[in-house]
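Now for the letters of each chain:
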Amino acid sequence: MWVLAVRGWRRGRALVRWAPGAVCLGLPWPRCAATRGAAAEPWALARLYSSGDRKLVISLSKVLKKEKIDMSRFPVENIRNFSIIAHVDHGKSTLADRLLELTGTIDKTKNNKQVLDKLQVERERGITVKAQTASLFYNCEGKQYLLNLIDTPGHVDFSYEVSRSLSACQGVLLVVDANEGIQAQTVANFFLAFEAQLSVIPVINKIDLKNADPERVEKQIEKAFDIPSDECIKISAKLGTNVESVLQAVIERIPPPKAHCKNPLRALVFDSTFDQYRGVIANIALFDGVVSKGDKIVSAHTQKIYEVNEVGALNPNEQPTHKLYAGQVGYLIAGMKDVTEAQIGDTLYLHKQPVEPLPGFKSAKPMVFAGMYPIDQSEYNNLKSAIEKLTLNDSSVTVYRDTSLALGAGWRLGFLGLLHMEVFNQRLEQEYNASVILTTPTVPYKAVLSSAKLIKEYREKEITIINPAQFPDKSKVTEYLEPVVLGTIITPDEYTAKIMMLCQARRGVQKNMMYIDQNRVMLKYLFPLNEIVVDFYDSLKSLSSGYASFDYEDAGYQTAELVKMDILLNGNIVEELVTVVHKDKAHSVGKVICERLKDSLPRQLFEIAIQAAIGSKIIARETVKAYRKNVLAKCYGGDITRKMKLLRRQAEGKKKLRKVGNIEVPKDAFIKVLKTQPDK
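Worth saying up front: this structure is predicted, and the values here are computed from it rather than measured. (Residues numbered from 1 in each chain as written. Predicted model: local features only at pLDDT ≥ 70, side-chain atom pairs only at ≥ 80, totals over all residues. Heavy atoms only, no water.)

Draft legend 1. Just the overall build of the chain, in detail. For the chain, the helix and strand inventory stands at 15 helices and 36 strands. Burial status across the chain gives 52% buried among its 680 residues. Total accessible area on the chain is roughly 33,200 Å²; 49% of this is exposed by carbon and sulfur atoms. (Helix = DSSP H or I, 4+ residues; strand = E, 2+ residues; numbered from the N terminus. Buried < 20%, exposed > 50% of the residue type's maximum accessible area, 1.4 Å probe, protein only. Areas by Shrake-Rupley, 256 points an atom, 1.4 Å probe, with all protein chains shown as cover.)

Written as C-alpha cells, this is what we have:
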C-alpha cells in the first residue's frame, strides 16, 4: 500500500503523484469511477492497492480540504519581509529550519535538515543553489505577524540570486560563523544589503562549537561593518539555542513594507519555476494593490494579458489563498506556458489599470562562457527544450546559438562562475536526463576597432568576443581589452606571504590590505578574470590549508596584450581548438594543449606534427610518430648501403603520404582536449 496525492483529472486520467513528490502516474477513468465526483478536489489523498490479479484500484480514503488562509488578517504594519545572507556553510539553511519549526510551519523532527533545499544537486553538494521563500505565521504580544523569509545561496557564483531576493525584502539576517568569523562572501553580501538600504541584524551562529569565539567575531563585525557589538545575537541554529530572540529582533528592528492596498496592483516577479502541468509558477512581491483568482493581469515586459488561475503563499509548500495583499510575498499561476513569457524583474498589473513599472533588476553579467553540445545530434531538440526550461528557473544563464564542424550544432552559454556552470550541467542531467559535451570555459574579451569601415561593418566601435574563433586580427584593432575583477581574500596572517606570491603569479595588482582582527588579514587584489576562473580557488585553498576564503566582483575591463593562438595539425588550423591567451602565458598554454592532443590523437601511417602558433610563429610542438613497417627485417647482414636504400625509400613514401593524407580528428579526441580538466 502506498499513499498518493491526486492532483486533478485531465483527459479522463487521474494525475497522481507519490507523497514525497517524486513520480507522477496516470490512471484511467474506469478504475476509479466510484471516486470520480469526490476526487475532482485536487490534492485529495488516495490509497493505491495492488490486488491479486495486479489490477490497480484507487479508493478514496480522505479528501484533504485545507482551509484557505485569509491573508487579509495581516495588515501591512504586521508584515516583515527578510532574507538570510551569509558565507558558504555558516548555517543559513539550518537557521531557516529552526525558524520554520518555531513558528509551527513544519513539525519538529530529527529529519529537518535543509528543508528549503529542494533540488537534488543541493542535497548532494550540501549547498544552497536556488533562493527559496517561506511564509511564517508568528504570534507576538497578542498580534499575529506574517514573516516572509527568503533563504539565499552563499557562494559567489550565486550572488545574483541574493541581489534578486533582497529586492523583495526590507531587512536581512547576516549570519556569521562563531568559529570562522567574517569571510569574503560575508563582506560582499553585507554591502549588497547596505547598498539596498536594508536593516541588517547580525547573527553569530554555531556558539556551541568547541573552538567558537563569539566575542572575537563581535569585534570583527564592529570593525568591518560599523555595527555595535551589543546588536549581535548569539545563537546555535543546530541546537535551537536563543533562536526565539531572532524572531523578536525581526519584528522590532525590520520595518514593515511601504505598500498600499488601495493603489492599483503592482507586483514584482523576483523568481519563477516551471511545472509541466501548470506552466510557469511566478514568485511575486506585491508593492501595491490586491490580486485574486480570476483577475486579468498584464505583463509590463510582453504586454500580454493573462487570467490568474491561482494565488497563494509558500508555507513552505504552495498553499492557495483567496487573495494576496500589498506588502505580501507569494506565488501566482496565470497560464504562462512559454518559458520566455515569465521575465525575472517583470512588473504585473491589472488589465486597464496601467502603472509605472518597477525598476526590476540589473541583468546578470556572465563571467564565464562555455560551449555546450549534445553528445548525439539527434538529441538536439530535446536538449534545446531542457535548456529553455532550466534557464527559466535560472535566469542568470545567457544562451547563444553556436555551431562547430567537429561537434555539430550547439550553444554558447554564459555563466556567473565555474561552480554555476557545473551545477547547471548537473541539473540538466538530473532533472532532464540530458547528457552534454561541455567545452573549456573562456571569458568575454573586447576589441576596439581601428578603421571607420570596420566600425560600419560591426555597427559599433567596441566589439565583445565570446568565441575565440571570432577573435579579430591585430591589424584590425587599436587595442584589446580583458575583463578584470576586484578580488577579496580573507586569510590567517601566517599564509599571507604564500597567497601574495600566488596573486602575483596570476598577474594580480594589490589594492588594499587590512587586519580585521589580531590574526586575520583582508587582502584586495585586481585580477584578470581569465587568471582566476578555472583553478585559482583550488590553489588558494591548498596554500592556506583550507582557511582562506575568496570572493570577487566585476571591475570592468583593462588593456591587455592578448594573442590568438592557433593549433595546427600538419600545417592545417583546427578551428575548434583556437584560444585567446595573454602574451606571457602563450607558451605554457600552447604546450599543454599540444601534449593533450598528442595523447588523444590516433596514430597514422604518416607522422603528425601538432603545433601551437601565434600568427606565423610556432611556439610549441609535439609529434605523433607514424606506424612503420620494419623494412630491414629481411636483411641478414650484407652491405650497409642496401639497408640505407630501403630506409630512404620508406621515408620518401611516408613524405608523399603525408602530403596527400588528411587527418580526421575523432570526436572523442576533441572532447578530451576541450572539456574542463578536473585534475587541473
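Draft legend 2. Representation of helix H13 (residues 586-600). Taking 1.5 Å per residue, 15 residues should reach 21 Å; H13 reaches 21 Å between its end C-alpha atoms and fits that length. Among the residues of H13, Ala 586, Gly 590, Ile 593, Cys 594, Leu 597 and Ser 600 are the ones counted as buried. In an axial view of H13, the angular spread of the buried residues amounts to 125°, which keeps them on one side of the axis. (Expected span 1.5 Å × (residues − 1). Arc of directions from axis to C-beta.)

Draft legend 3. Summary view of the sheet that holds strand S17 (residues 310-314). Reading across the sheet, the eight strands line up as S16-S15-S21-S12-S13-S20-S17-S18 and stay open at both edges, with antiparallel pairing between neighbours. Of all the strands in the sheet, the pair left with one neighbour each is strand S16 (305-307) and strand S18 (318-321). Across the sheet, the axes of successive neighbouring strands diverge by a mean angle of 40°, strand direction being ignored. Relative to S18, S17 is paired through four bridges, and the arrangement is antiparallel. From the neighbouring strand, Leu 314 faces S18, where its bridge partner is Glu 318. In the packing of helix H7 (residues 380-393) onto the sheet, contacts are made with strand S12 (266-275) and strand S13 (279-288), and the angle to S12 comes to roughly 140°. (Pairing = 2+ DSSP bridges. Axes fitted to C-alpha atoms, helices over the stretch in contact; angles between N-to-C directions. Contact = heavy atoms within 4.5 Å.)

Draft legend 4. Layout of the pairing of strand S8 (residues 143-151). Burial of S8 is extensive: seven of the nine residues sit out of reach of the surface. Sheet analysis places strand S6 (residues 79-86) next to S8, joined by six bridges and oriented parallel. Across the sheet, the residue bridging to Arg 80 is Leu 147, located in S8. With nine bridges joining them, strand S7 (residues 132-140) and S8 adopt antiparallel strand pairing. Residue pairing across strands places Leu 136 opposite Leu 147, the latter belonging to S8.

Draft legend 5. View of the sheet that holds strand S22 (residues 368-374). With antiparallel pairing, the four strands of this open sheet are ordered in space as S23-S24-S22-S25. Each having just a single partner strand, strand S23 (398-404) and strand S25 (436-438) make up the two edges of the open sheet. Strand-to-strand twist across the sheet, computed as the mean angle between neighbouring axes with direction ignored, equals 30°. Strand direction decides the pairing type here: S23 and strand S24 (residues 408-415), joined by seven bridges, are antiparallel.

Draft legend 6. A look at the environment of Lys 92. Assignment of secondary structure puts Lys 92 in helix H1 (residues 92-102). Each C-alpha atom, one on Lys 92 and one on Val 175, is 6.8 Å from the other, the two residues being 83 residues apart in sequence. The residues contacting Lys 92, other than those within four sequence positions of it, are Ile 84, Ile 85, Ala 86, His 87, Asp 151, Thr 152, Pro 153 and Gly 154.

Draft legend 7. A look at unusual backbone geometry. Unusually for a residue other than glycine, Asp 226 sits at a positive phi of about 60°. By the element assignment, Asp 226 lies in the loop between helix H5 (214-225) and strand S11 (233-234). With relative accessibility at 67%, the residue Asp 226 sits in the exposed group.

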